[in-house]
Structure formats: C-alpha cells, structure tokens
Amino acid sequence: MKNKFTSFTIICFLFYGNVLLKAQEYKEILELKKKLSFSTPNNEKVKVYSDLANLYSDSKNIDSAIHYSQLSLPIYKKNNDTEQIGRANLFIANLFLQKNDLATGEKYLIESEKYLHKTENYEKRAMLNLLMARINTVYKKNDVSAKYFNEILKYYHDKRNFDKKFVMYSYQGLYINYFVQQDFVKGFASLKTYIDFVEKYYPESLYLAYKDAGTFFLTSRDNKKSLYYFQKASEIARKNRDQAQIVDIGMSLAMVYGETNQLELAKKELNVAKDYYESKNNKAGLASVYYYLSDIYSKEKDYSIAQDFAAKCIKLSSENDPLYDYYKNHKGNVELKKIMEDSIGLKNNQSKLSELSQLVNEQLKSLDRFSQSKTVVSPELFIQNYEVLHRAYAFLGDYPRSYSYLKKMYETKEKTYGIEKMKALSSVQSETEVANERARIKLEEETKRIQLQKEIELKALRFEYEKKQAAAKTEEERKRLALEEDLKRKEIQIKFDEEQKAAALKYNQERNIARINQEKKDAIAKAELESSQNQKNIWAVGAGLSLLLLGFAGFSYNQKRKDNKKIAEEKKKSDDLLLNILPHEVAEELKEKGKTSAKHFDEVSVLFTDFVNFTANSERIGVQEVLNELNICFTEFDRIMEKYGLEKIKTIGDAYLAVSGLPVSDEKHGKNAVSAGLEILSYIQQRKKDNPNALDIRIGIHSGPVIAGIVGVKKFAYDIWGDTVNTAARMEQNSVLGRLNVSEATYKLVKDDFTFEHRGKIETKGKGAMEMYFVNQVSF
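Figured I'd write up the structure that's included with this text. None of these values were measured; they are calculated from a predicted model.

**Examining the overall build of the protein chain**
Regarding its fold elements, the protein chain presents 31 helices and eight strands. Relative to its full complement of 780 residues, the protein chain shows a buried share of 46%. Once local pairs closer than 6 in sequence are excluded, the contacts in the protein chain between residues at least 24 apart make up 65%. Accessible surface, the protein chain as shown: approximately 41300 Å² in total, 50% of it carbon and sulfur.

And the structure:
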C-alpha cells in the first residue's frame, strides 16, 4: 500500500487537489457584473475583469475565474503591458493546475515566462519558477525541474525581494524531485535541508514537513522512522486542534500499520477518517479511505469486502479525476486475486478460466496506460501488477509469460529497493546523524563553557564590589557603587549573549560548510576523472553484461527448472568475473545504473609492495620460474587482502598495490593495512625457508585522501589517484629488504596498536625529507 499512491499523492499535493466548491453569487460579484453592463473604457473594464477573476478564484469557482482572466489578456496586450500579460498568464495557469489540467496549465506558464522574466517582479517570477518546476517533476523532467527550483534559491542568495516561503517550497520540491526518482540518498539530504529550513523560519509548516519525512521513510522501507515522523505530525495536528490534519495524518499512520501487519489499528484510523469525510460530504477524501480499506481487506484475503470498497472508489471518482486509473487498476488486482483464491476449482472450471483470461487482458490494458504515462508513476504499482499477472498466467498455463512477469517483478524490486541502494541510504543517514550529534555536543560544551565563564566573572565582580561597599564611607558612595556594579553586570550579560549567538551561528555555519564541502569534493573527483580522458563508456559494458546475464531465448514449462539453473550458473560466472575486476560496491553500482562516478575518500591507507632484485633473479633462475613464484605470492597476497578487508587495485610488474578504507569507509583502515603488510612479510619469510628461489620483498604504507573510480576505454579498471598514492610508493622505495616502512601519517593512526622503530627524516624523490618508521610487531 505504501508506494502505490506515491504518484497521484504528489500530483495532488503539487497542484492543490481536485475538489472544487461551488461559488456563491456574492454581492460584490453582482455589483462588478453590473458595471460591465455599462459602456466603460478598457482600462476600467480590465480592472473589473481582474477583480471578478480574483473573487471567483477565492470562492473556488475555477471556470468563472479562468473566463474573466482570459477576457483581460487582449486588453493588456493592446496596452503592451509586459508585467500584466505575464501576471495574467500566470494566474490562469495556476487555475488550470488546480483543475489538474497540467497540459493547459503548462501552456499558459510558458507564455507567462516570456514576459515575467523581462521584469523585476521577483515575487511573480518565483511563483512562475515554482509552478514550472512542479510541472516538470510530474512529467519526469527532473533536471529541468531542479533548474527552476535552483533559480528560486539563487534569487534568495542574491537577496532579491520576494516571499521566503517560495524558498521553503523550493527545498521541498528538490526533495520531492529526488523522491520520485527513487534516489533515496539525495532525497534524504534534500529532505533534511528542507526540514531544517522549516524549523528555523516556518515552524507553523512543520506538520507538512514531518508528514513528508514520514512518507519518505515509509517509501524507503524504514517503518520505525516513518512512524516517528507521522506521530510528530499527529502531535502538531492535535495541538492545533485541526480535525482535517488529524484525519489526514491518521490515514498516513494507517499505511504504516498496514505495512507492519497491525491491520486492526489501520482499520481504526481509516474508519475515523471515513466518518469525518462522510460528515463533510468530501467525495475525494472518502474515495481515498475506501482505497486504503480495500487494500487492508485484501491483505486479510477477504476479497469480497475488498472488491466492494474498490468499487466504491470508482463510483465516487470519474474519468477526469487523476486518481481514476489508479482506482481501476487496484480494483482489477483485487478481482484477479479473488478469482485465483479457489485454485483447485479454477483449474477445473473452463468458464472461470475464461473469466480469468478476460480480467488479465483488462489489467494489461490498465498497466499499459501507466507504462505509457508521461507523468510520475510509482514502481510499487508495477511490482504489484507483475506479481498478480505472474500468478494469473501460471493458472492459464502460459508459463513463459508467467516467468517473464515474475522476472520483471524481481528486477523492479531490485532496482527500487536493492540492498546496495538501501546500504547507501543507511550509510548517509548514519554519517549525517553522527555529524549532527558531534556538532550538537560541541555546541552544548561551548554553551556550558560560556555559561561557566559568565558565572565566574559575575562572582568576581560581586566579590570586588562587596569589598568596595565595605570600604565605602557614605550612603551616596554605596549607591553609586551599586549602580556601577549593576551596569557592569549588564555589560557581562550582553557580552556573553553575543558569544552565545556567535557559537550558535558557528554551529549552523559548520553544518552548511560540511554539506558544501562534500558536494565540492564529489564535483572535483568527477572533474579529475573526466580530465584524465580515460573514463570508459560504462553504459555499453552494463548493457553487454545485462545481455550476457539475461540473454536467452524461449523456453517451455518442462524445461524451466533446467534453464533457470543454467541462467543462475551463467549469471554467477559473469558476476564472479566482474568482481575480479571491480570492488563489489562498484560492480553493483555498474550493474544497477550502467555507469559509476568517481568518489573522493578523505582517509584511506595505501599499501605498496615490491620484490627486490626481480630482474637479476629472472636472469639467474629463469623467467618462467620467477613468474611462477610471482603468481604464487600474489595469490597469497590476494587472500591476505580479503582477510583484512583491503581492496586490491592492481599489479604493476612485480609491484602490488592495495588500499584499505574504500569503497566502504573503515575507521580501522590504518590498522588493517599494517596487519596485512606484516602478514605478507611473515609469509615471505616462511616462503624463503621452503623455496631457495623465493624472492625478497619491501613494503610501504601511507595514509591520506584519494580519488577512486573507473578508467579505461577498453580494458577498463578500478584505480586510485592522488598524492597519497605517490607518497605510499616513496615509503616502499625507501624501505629495506624484509621490512614494512610507514609514514608519519600512518604511524599516528596505529601507534597504539604496533611497536615501531623511528627512522627520523629521510630524503625522498620529489617530496623532500619525510619522517618514517619501521613496524616491528603487534603491540601487546
């Protein structure tokens, strides 16, 4: 239930819903219409048209408002009034959007844009950009939508004069933009920015912000956090005694209860909403309640009641309603589940099988409408349809189609809720929460320090003036001292109030700087990778891998198990081959998106090894013998890297390069790298005892930031760049036979875990003198 309503919930939210109230012929309207019956100049007439349009709009008579607004346009054009032409088109566009007529609304918005962007009216320009952004979100033109939202934010940063609420709507819109793309990581970051802005400037809008947060976490399958935010929104609604909000958030809570199988609680909330909407004769609200009730009874496999509620949805709706197709599709799903409930009776009843076939055809037409839709459609709708169609075709004996819909269902689930996607979201949430907690503790400690300092200064002041008061000889002098003390107390209070404000401001600035710095790092990493001119067109590779994994021709039911096994084996071979080339996380990103991005890592440890006198040994014992020895050693090195969680990057001749702390960050990266290096030395020492032709080795490690990503046009490879890599190479070159040499940066990370021999400063090629240390053994 949670995701299936995503699409039209967003459409309704963005464009104010589709429930229109019938206008009354107010006294003001009648008086204005009377003016039009007289012959009046155009300048007066256009004002009457505008006033009528506004009155009809306020009373929700949208069609009349549109009519009088359109009458004003020719007069504005005749007067060549640029701003009024833009404003009138914007007003009409807004009215069409309230009717959910997106196509006509967009037409008027485009016309408005031609004129308003020539003016200095940033209030109307912000509103225009907001509506253009929302339209493009619904039409899945997400880049265009983001451009319009960011234009409003630019006005804000440039200190243009317009209502700051448009900034709030822009932050909210950017969150929704990522949300509808199922980009949970960016969606979470945008949601946080939006909530922070609302908490700071518009606390009266927190109900909606918390409801948005609850919806986000419900969609990303975090029911606990979803419930938390919905309950916060519910607390606000109850505090405000806003019955409409109480009912609205109650339906959201019902969705969480439905997902967590607390079905009786879900029904309780929905029945409260049903009573409320019946009392208000709100057909749109009732239709939504009936849909949710239908879904709950469907979960309980009480398909007759579920079918009745689904039919009520459609009865309350119409073909002009943007929710109509959703209601019909849901009803079709319920009908299919109901007829398949009696599986034994169905298989032996040709009449029922014919009915099932007809229902399947109708559901395919419904699904095709969503597939062809130019507006946002939730993946959950497709997942639920694919599941039902898979079962239906199995009953009909069409096993190839049954399998194809099963495969589509799993592919869509993986694309939407894949484990790597959820891991990435979990990671960014954890990092954000940790960073916020650190900043909060820092602010708290600074606040306590300021408070303590203030109390010390006040006590010192009191002590000083008590001495002065004791020494005072006259009452007049004592009064003067009391006034003087009071004045200094106020000065101290003002000083520390300012320090407190400065600490809070610094706290907020640091949070913003941290966010901006991360965006900058990612942008630099991407730019540096592109400038290397070695980036691969991964899309072709991704497509090729998909074809390799999924490419097979038709099959029959009797062969299905055999074919499935064969496909699984081939997929495993392809996955294993890919994992030999790329880290697991990068391989998964490549398979999911068809491409990968360069990433900046703040703190990793790079390990270099190199065999000593490799060329001389090749001449002494023969090339093939040395290559065999190299292969044996590198195979063991691979095992050691896997043991300590290091990522092997590549071998360069007889050199071996690996890194600890990416693509998944690890605070123990330094310790893991040094442990791996020591085990390599131990292995080589044992190897020399077993084989007289074994090779000697030296190892170097340095810790710091790197950029990592895929390079290559043909034989693509995962690689790392940066000064950290070069310094690690210098550590290896300045090591000695059978020793592990580390830099000062690595030493500081692991000095408590191992024992060291300080070597002092050693001159290195291109980097000057550097502090170095030999690692001896694990510290006990």
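Past the structure itself, the notes keep going.
**Here we look at the packing of aromatic side chains**
Using the criterion set out here, one finds 33 aromatic pairs in the structure. A ring pair is formed by phenylalanine 611 and phenylalanine 634, whose centres lie 6.0 Å apart and whose planes are at 40 degrees; its orientation type is tilted. On the criterion of sequence distance, the pair formed by phenylalanine 611 in strand E1 (residues 599-611) and phenylalanine 634 in helix H28 (residues 623-644) is long-range, its members being 23 residues apart. For phenylalanine 611, a relative accessible area of 3% translates into the label buried. Seen from their ring centres, phenylalanine 637 and tyrosine 656 are 5.4 Å apart, and the 90 degrees between their planes marks the pair as edge-to-face. Residue phenylalanine 637 is found in helix H28, and its partner tyrosine 656 is found in strand E3 (residues 655-660); the two are separated by 19 residues along the sequence. According to the relative accessible area criterion, tyrosine 656 is buried, its value standing at 0%. Members of the aromatic cluster, each reached through a chain of ring pairs, are Tyr175, Phe188, Tyr194, Tyr210, Phe216, Phe217, Tyr228 and Tyr229. In this structure, arginine 134 packs its charged tip against the face of tyrosine 169, placed 5.6 Å from the ring centre.

**A few points about the pairing of strand E2 (residues 646-652)**
With six bridges connecting them, E2 and E3 associate as antiparallel partners. The partner of glutamate 647 across the bridge, within E3, is valine 659. Between E2 and E3, which pair antiparallel one after the other, the connecting turn spans two residues, and glycine 653 there sits at a positive phi close to 65 degrees.

Thresholds, definitions, all that
- Residues numbered from 1 in each chain as written.
- Predicted model: local features only at pLDDT ≥ 70, side-chain atom pairs only at ≥ 80, totals over all residues.
- Heavy atoms only, no water.
- Helix = DSSP H or I, 4+ residues; strand = E, 2+ residues; numbered from the N terminus.
- Buried < 20%, exposed > 50% of the residue type's maximum accessible area, 1.4 Å probe, protein only.
- Contact = heavy atoms within 4.5 Å.
- Areas by Shrake-Rupley, 256 points an atom, 1.4 Å probe, with all protein chains shown as cover.
- Phe/Tyr/Trp six-rings, centres within 6.5 Å; stacked < 30°, edge-to-face > 60°.
- Lys NZ or Arg CZ within 6 Å of the ring centre and 35° of its normal.
- Pairing = 2+ DSSP bridges.

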